[in-house]
Amino acid sequence: MSRSRNALALGLAALALLAATGVAAQTPARHGIGRAATAAEIRGWDIDVRGDDGLGLPPGKGTVEQGEKLYLQQCASCHGEFGEGNGRWPELMGGHGSLTSEDPRRTIGSFWPYAPGVFDYVRRTMPFTAPQSLSDDETYAIVAYMLNINDLLPAGAELDAAKLRAIRMPNRDGFLQGDPRPDVVAKGEPCMTNCRKEPVRVTSDLARKLGVTPNNRGN
Amino acid sequence: MNDDPREVERPTPPPARPSTTGRRGFLARGGLVAAAASAPGLAFGKDENLPPNVPEWTKSLGPGVTASPYGAPSPFEKTVVRRHVEWLTATEQSSINFTPLHELHGIVTPSGLCFERHHGGVPEIDPAQHRLIVHGMVDRPLIFTMDDIVRFPSVSRIHFLECPANGGMEWKGAQMDGVQFTHGMVHCCEWTGVRLSTLLAEAGVKPEAKWLLAEGADAAAMTRSIPIDKALDDCIVCYAQNGERIRPENGYPLRLMVPGWEGNVQIKWLRRVKLGDRPWHHREETSKYTDLMPDGKARQFTFMMEANSVVTSPCPEKPMKHGKGFHEIRGLAWSGRGRIKRVDVSVDGGNTWKAAELQEPVLSKCLTRFRLPWSWDGGPAFVQSRAIDETGYVQPTIDQLRAVRGVNSVYHKNAIHTWRVNSDGTVNNVQIT
């Protein structure tokens, strides 16, 4: 009813414009295209959980032990029985104190700033070959196990939305939005002649010797 | 009786052949020729189609207009393909392949050669069953069909898209001996769609909305948070790429373009846009796509793809086989901040630079082709390019980058790149100081 009234109003407005300007190009603020999304439609897809405050966490709960069982069935083949990783598949635990080392290990325990973000990621993408197949209770349980292997939740603990929000991740303050420190100073008119003070020195010449480049020369 | 030679009846042409090139197709056409070819003592080698001989393709008909309803490159171009690096990732479904930049000309990347990065494989989406929902902090949550999206006022733009991990394998040293692998996580296409601002106006963004979450319909349900200012500035919800509907691997039927920003935020298979008052801090903007600094702090939301450039000829895949003499140095430059203003080229490792010619049109947030004639003396050379964009940003050296960011930040490596031309004409990836 209101849609047809809107359409009528738009039509009249269009007529008025035509009368005034001929075949004027019209860019209405709204085009009347698409329809209202129903609450049920939105609910089916509205799966995001905000990392920092857990907005969007669903009701439900799960224990570390339930999570361990599910993890061994559905996750361990890629991530290892204790989250230690497997080949190029990501490790999920450990890495504390490694972020300033030569080989930083960015795990849930060492790097992730917010615990609810783990829930969001597991629910939307895992297990890798069957994403969005875990129930909310199962997701809480698996996240509980993830936190347990990172010494952030004791054995026997049960996790729900409130407890997940309350967990403070070790690297919570490890991220900078708008680093106040300067980046590369890359302004000003660059030098065009006699720019080098020293002759060229090759600092890295391994590429041709490493043998890790796929053959793309057509031979 | 008709004496006009133009009217002379010709025999009916043979049916189209499945293959028109190569010896097999040629030999299949006539036993006589086949017999001649196999006769001993008859020179019938690789030069058979060179003058003064008349080439086989001149002496017979090719296939007709029904043979190839959707065209493909010549079979002789079969090595011009995307390639992946097997040891880089655990699985092909969450992996990357690389654009063969050394084989490209001009600024537009053919759709089938655009590098792919996806985190849960390529979904096969029926466009009739695809929907985009816009909700959250809006006056009217809306749902759109593909027909709805296409009905909106449209816009076309040519933009580059670059994975922020482009060059990421080179932070600690020269590793990949080919431009396809050092710089191939970039492509440049014409994109057509509806401005995101148009869709947002349709839903009515509430004043408190400062960010939005874009989400894909793939098995990774990829999400990234984007500030509302950028969303309203130049983002496009795209359904077409290089004149046709988007290729599956690039987001069919609908993807987000966020011009000049890192590729990962340009969500493919876009199904949902949710408005909110701050970012979501999801996995791909905390655990990944953040830049770890030497002090252990990670820079977050470093969206901008700063000015970058690379020489694509010569390069390891395109050595100087011709020996000394003329060589047109060719390459590509781009900047997420706008237009490329100038590209300087050096053949002596950065002691002397010359401004290259820029091929028009030079477009904002778009690959720009540069070229410079060079007379190679046959000796060793260190070939580099240095891009300067319209904001005055000058592409840094690898030393400058490392001095600030160390070697573990993975992303946003846009250093001046060095190819060493050896006296034998081969070319290698090296780093110099």
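Residues numbered from 1 in each chain as written. Chains lettered and ligands numbered in written order. Predicted model: local features only at pLDDT ≥ 70, side-chain atom pairs only at ≥ 80, totals over all residues.

Novice: How should I be thinking about the environment of B:Phe152 in this particular structure?
Specialist: When you line up the elements, B:Phe152 lands in the loop between α3 (146–151) and β6 (155–162). Each C-alpha atom, one on B:Phe152 and one on B:Gly193, is 8.5 Å from the other, the two residues being 41 residues apart in sequence. The contact partners of B:Phe152, leaving out residues within four places of it in the chain, are A:His31, A:Ile33, B:Val194 and B:Thr198. (Helix = DSSP H or I, 4+ residues; strand = E, 2+ residues; numbered from the N terminus. Contact = placed C-beta atoms within 7 Å.)

Novice: Would you take a moment to explain the interface of chain B and chain A for this structure?
Specialist: Quite often, the size of an interface is put as the accessible area lost when its parts meet. At the interface, 76 residues of chain B touch 64 residues of chain A. Looking at the side of chain B that touches chain A, the element that brings in the most residues is strand β24 (residues 427–432) of chain B, giving five residues.

Novice: How should I be thinking about the nonpolar core in this particular structure?
Specialist: In a soluble, globular protein the nonpolar side chains are often hidden away together inside. One finds B:Val134, B:Leu212, B:Ala214, B:Val237, B:Leu256 and B:Leu270 to be the most contacted residues of the largest nonpolar core, which totals 101 residues. In terms of residue count, the dominant contributor to this core is strand β7 (residues 186–195) of chain B (five residues). In terms of domain composition, this core takes at least three residues from each of domain 2 (98–299) and domain 3 (308–430) of chain B. Ignoring any residue separated from it by four or fewer positions in sequence, one finds B:Leu270 in contact with B:Leu132, B:Ala214, B:Gly216, B:Val237, B:Leu254, B:Arg255 and B:Leu256. Of all hydrophobic cores here, the second largest spans 36 residues; its members include A:Val49, A:Met93, A:Phe119 and A:Ala144. (Core = buried A, V, L, I, M, F, W, Y, C linked by C-beta atoms within 7 Å. Buried ≥ 20, exposed ≤ 12 C-beta atoms within 10 Å, placed from the backbone. Domains from an automatic or database assignment.)

Novice: Just to check I follow, could you spell out the sheet that holds strand β19 (residues 354–355) of chain B for this structure?
Specialist: Across a sheet, strands are paired by hydrogen bonds formed along the backbone, either parallel or antiparallel in direction. Read across the sheet, six strands follow the order β5(A)-β24(B)-β23(B)-β22(B)-β18(B)-β19(B) without closing on themselves; strand pairing throughout is antiparallel. A single partner strand is all that each edge strand has here, and the edge strands are β5 (202–204) of chain A together with β19 of chain B. Pairing analysis gives two bridges linking β5(A) to β24(B), with the strands arranged antiparallel. Bridging across to β24(B), A:Val202 finds its partner in B:Ile432. (Pairing = 2+ DSSP bridges.)

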